[in-house]
Amino acid sequence: LHPFDLSPSFMSALCGLRAATTCVLALPRAVAAVARRRPLLVSTLSSTPSPLARHPRDRLSAVTVTAALATTCVPVTGAFASTPSRTQSLELSTMASSGGDGGCSLGLADLADPSVASTSAPTGGPSWPDLLQASLDTNTKPQDRFVQLATVDNGWPAVRTVVYRGISTVSVQVLAGFEEFSGGDAGTLVKALRFITDVRSQKVGQVASSEGRAELSWYLVDTREQFRFRGRIVFVAHTETDPVLAGLRKEQWHLLSPGARKQFSGPDPLTPVETATAATTAAATATATATTTQSLDEPHGAYMLGLFVPFYLDYVDLRPRPPSRWLYRLNEQAAFHGPHAVNP
């Protein structure tokens with residue numbers, strides 16, 4: 001039997017198999033094109049994750065990609081073929097926000113997983129420390145401890161990255177004078193996020209001039225969660241007389257690596273870097289080494305413990321569609337209430 005004598009239906013089936021194979025092979029390129037916001041041709045819809053996904057946040061199926069785009073701002077210029085023997089294709093075009101009609105601009109919410117149902121905040125739901133700890137138990141990479149801390153510098157926002165060092169429990173008395181915590185009595189305890197800084201840092205003066213006002217933003221990539229805290233900062237210096245706070249400062253110092261401790265013996269921040277001769281460099285290195293070796297066990301005078309005490313949390317979980325958004329607020333008794341579910 002000659003191949004050309006095969007029935008039309010059999011030949012149609014062979015063409016369909018070839019088209020399906022081509023579609024599967026083209027899927028990684030299609031998903032990568034979505035990430036680059038370039039025009040693409042999705043030849044088929046498959047729920048198989050792209051092998052190009054190098055990170056959980058990138059493991060989007062073609063179904064997820066096309067559903068996210070088609071329901072937001074991507075025009076559909078093609079249609080599914082009416083007969084199974086023809087290639088099922090859907091042409092999608094993404095437009096950069098700076099060009100093309102429609103001004104499409106995709107956001108983080110477009111990366112939601114449609115298989116995850118949106119969750120309303122439960123009555124008596126998790127406290128914010130428990131919620132944060134559960135997220136950090138999943139997001140375990142070193143960079144998951146990097147958070148953005150914003151302060152106010154003469155009316156301008158000033159933001160930098162600090163390292164999250166854990167949560168401590170402190171008395172509301174350390175926040176005396178801050179209106180958000182004025183309702184708590186002497187026995188009220190509050191949670192504080194820890195970080196460290198140098199007494200010579202610009203943020204120290206900025207916090208002092210703005211009565212401790214600050215915001216902290218935290219995006220955890222693996223679980224696609226965002227924590228936005230608003231609160232007050234209290235610094236614990238070497239002159240601290242409160243035994244509990246002084247103990248926290250010393251305890252955090254001993255948790256630092258030797259390299260982190262040595263940085264407090266360096267030159268003043270923002271001072272010009274001077275060109276030194278070999279002799280002066282050797283002398284300075286010897287002096288610094290001797291000084292650092294003697295002071296590694298005890299907290300350096302320039303070292304400060306920062307306590308960020310939140311009174312408001314805006315939490316967003318981007319995994320469901322639509323995303324979940326919960327608010328936590330401090331009440332008049334200086335105790336948190338929430339979570340309260342709101343529209344994202």
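Residues numbered from 1 in each chain as written. Predicted model: local features only at pLDDT ≥ 70, side-chain atom pairs only at ≥ 80, totals over all residues. Heavy atoms only, no water.

*Asks:* What is the right way to read the overall build of the chain from this model?
*Replies:* Of the regular secondary structure elements, the chain holds 7 helices and 11 strands. Burial statistics for the chain: of 344 residues in total, 37% are counted as buried. Long-range pairs, those at least 24 residues apart, make up 65% of the contacts in the chain with a sequence separation of at least 6. Within the structure as shown, the chain displays about 19400 Å² of accessible surface, and the carbon and sulfur contribution to it stands at 57%. (Helix = DSSP H or I, 4+ residues; strand = E, 2+ residues; numbered from the N terminus. Buried < 20%, exposed > 50% of the residue type's maximum accessible area, 1.4 Å probe, protein only. Contact = heavy atoms within 4.5 Å. Areas by Shrake-Rupley, 256 points an atom, 1.4 Å probe, with all protein chains shown as cover.)

*Asks:* Help me out: how do you make sense of the nonpolar core in this one?
*Replies:* Side chains that are nonpolar tend, in soluble globular proteins, to be buried together. The biggest cluster of nonpolar side chains holds 27 residues, and the ones touching the most others in it are Leu193, Trp218, Phe227, Phe229, Ile233 and Phe308. For this core, the elements supplying multiple residues, two or more each, are helix H3 (128-138), strand E3 (146-153), strand E6 (189-198), helix H4 (202-209), strand E7 (213-220), strand E8 (225-236), strand E9 (303-317) and strand E10 (324-330). Non-local contacts of Ile233, meaning those with residues more than four positions away in its chain, are made with Leu149, Phe195, Val207, Gly212, Ala214, Leu307 and Phe308. If you look at the next biggest cluster of nonpolar residues, it comprises 24 residues, including Ala192, Ala260, Phe264 and Phe311. (Core = buried A, V, L, I, M, F, W, Y, C linked by side-chain atoms within 4.5 Å.)

*Asks:* Teacher, can you tell me more about the packing of aromatic side chains here?
*Replies:* Two measures describe an aromatic ring pair: the distance that separates the ring centres and the angle between the ring planes. Counted according to the given criterion, the structure contains 11 aromatic pairs. Taking 5.5 Å as the distance between ring centres and 75° as the angle between the ring planes, the aromatic pair formed by Phe264 and Tyr303 counts as edge-to-face. In this pair, Phe264 sits in the loop between helix H6 (258-262) and helix H7 (278-295) while Tyr303 sits in strand E9, placing the two residues 39 residues apart along the sequence. Note on accessibility: Phe264 and Tyr303 belong to one class, buried. Pairwise contacts between aromatic rings join Trp128, Phe227, Phe229, Tyr315, Trp326 and Phe336 into one cluster. (Phe/Tyr/Trp six-rings, centres within 6.5 Å; stacked < 30°, edge-to-face > 60°.)

*Asks:* Is there a simple way to think about the pattern of salt bridges in this case?
*Replies:* Pairing between side chains of opposite charge can happen when their charged atoms approach one another. What the rule picks out here adds up to 12 salt bridges. The partner of Glu211 in a salt bridge is Arg213, with the nearest N and O atoms 3.3 Å apart. Linked through salt bridges whose partners overlap, the residues forming this network are Lys141, Asp144 and Asp222. (Salt bridge = Lys/Arg side-chain N within 4 Å of Asp/Glu carboxyl O.)

*Asks:* Just checking my understanding: could you explain the side chain of Asp314 for this structure?
*Replies:* Its location among the elements puts Asp314 in strand E9. In this structure Asp314 comes out as buried when scored by relative accessible area, which is 5%. Polar side-chain contacts of Asp314 include one of 2.5 Å to the side chain of Arg325. Residue contacts for Asp314: discarding those within four places in its chain leaves Gln226, Phe227, Arg228, Arg325, Trp326 and Leu327. (Polar contact = N/O pair within 3.5 Å; in protein donor to acceptor, adjacent residues only side chain to side chain.)

*Asks:* What's the story with unusual backbone geometry in this structure? I'm lost.
*Replies:* Generally, phi is negative for residues other than glycine and the peptide bonds are trans, each holding for most cases. Residue Arg321 is joined to Pro322 through a cis peptide bond whose omega torsion reads 0°. Note that the residue after Gly338, namely Pro339, is joined by a cis bond; omega there is 10°. Secondary-structure assignment places Pro339 in strand E11 (residues 336-342). Positioned with a positive phi, Asn154 is a non-glycine residue whose angle comes to about 55°. With respect to the helices and strands, the residue Asn154 is situated in the loop between E3 and strand E4 (156-163). In this model, Arg224 sits at a positive phi of 50°, which is unusual for a non-glycine residue. Checked against the element boundaries, Arg224 lands in the loop between E7 and E8. Of the residues examined, Arg224 reaches a relative accessible area of 10% and is grouped as buried.

*Asks:* So what exactly am I meant to see when it comes to H3 here?
*Replies:* Three- or four-residue spacings in an α-helix give side chains the same orientation, since the helix completes a turn every 3.6 residues. Those residues of H3 not exposed but buried are Trp128, Pro129, Leu131, Leu132, Ser135 and Leu136. Summarising the axial view, the buried residues of H3 lie within an arc of 160°, below the 170-degree limit, and thus occupy one face. Opposite the buried face of H3, by more than 90 degrees, sit the exposed residues Asp130 and Asp137. (Arc of directions from axis to C-beta.)

*Asks:* Explain H4 to me, please; I cannot follow it from the model alone.
*Replies:* Here H4 has its buried residues at Lys203, Val204, Gln206 and Val207. Axial view of H4: buried residues confined to an arc of 165°, hence all on one face. Those residues of H4 that are exposed and angled more than 90 degrees off the buried face are Gln202, Ala208 and Ser209. Buried residues along H4 sit against E3, E4, E6, E8 and E9. Taken from the residues just after H4, Glu211 is the one with a positive phi, measuring 55°.

*Asks:* Sorry if this is basic, but what is going on with the pairing of E7 here?
*Replies:* Note on strand geometry: in a regular strand, side chains alternate between the two faces of the sheet. Residues Ala214, Leu216, Trp218 and Leu220 of E7 are buried on one face, while the alternating residues Arg213, Glu215, Ser217 and Tyr219, pointing to the opposite face, are not. Where E3 meets E7, 3 bridges bridge the pair, whose relative direction is antiparallel. From the neighbouring strand, Gln148 faces E7, where its bridge partner is Ser217. Sheet topology note: the E7/E8 ladder contains 8 bridges and is antiparallel. By the bridge assignment for E8, Ser217 is matched with Arg228. Connecting E7 to the next strand, E8, in antiparallel fashion are 4 residues, including Arg224 with a positive phi near 50°. (Pairing = 2+ DSSP bridges.)

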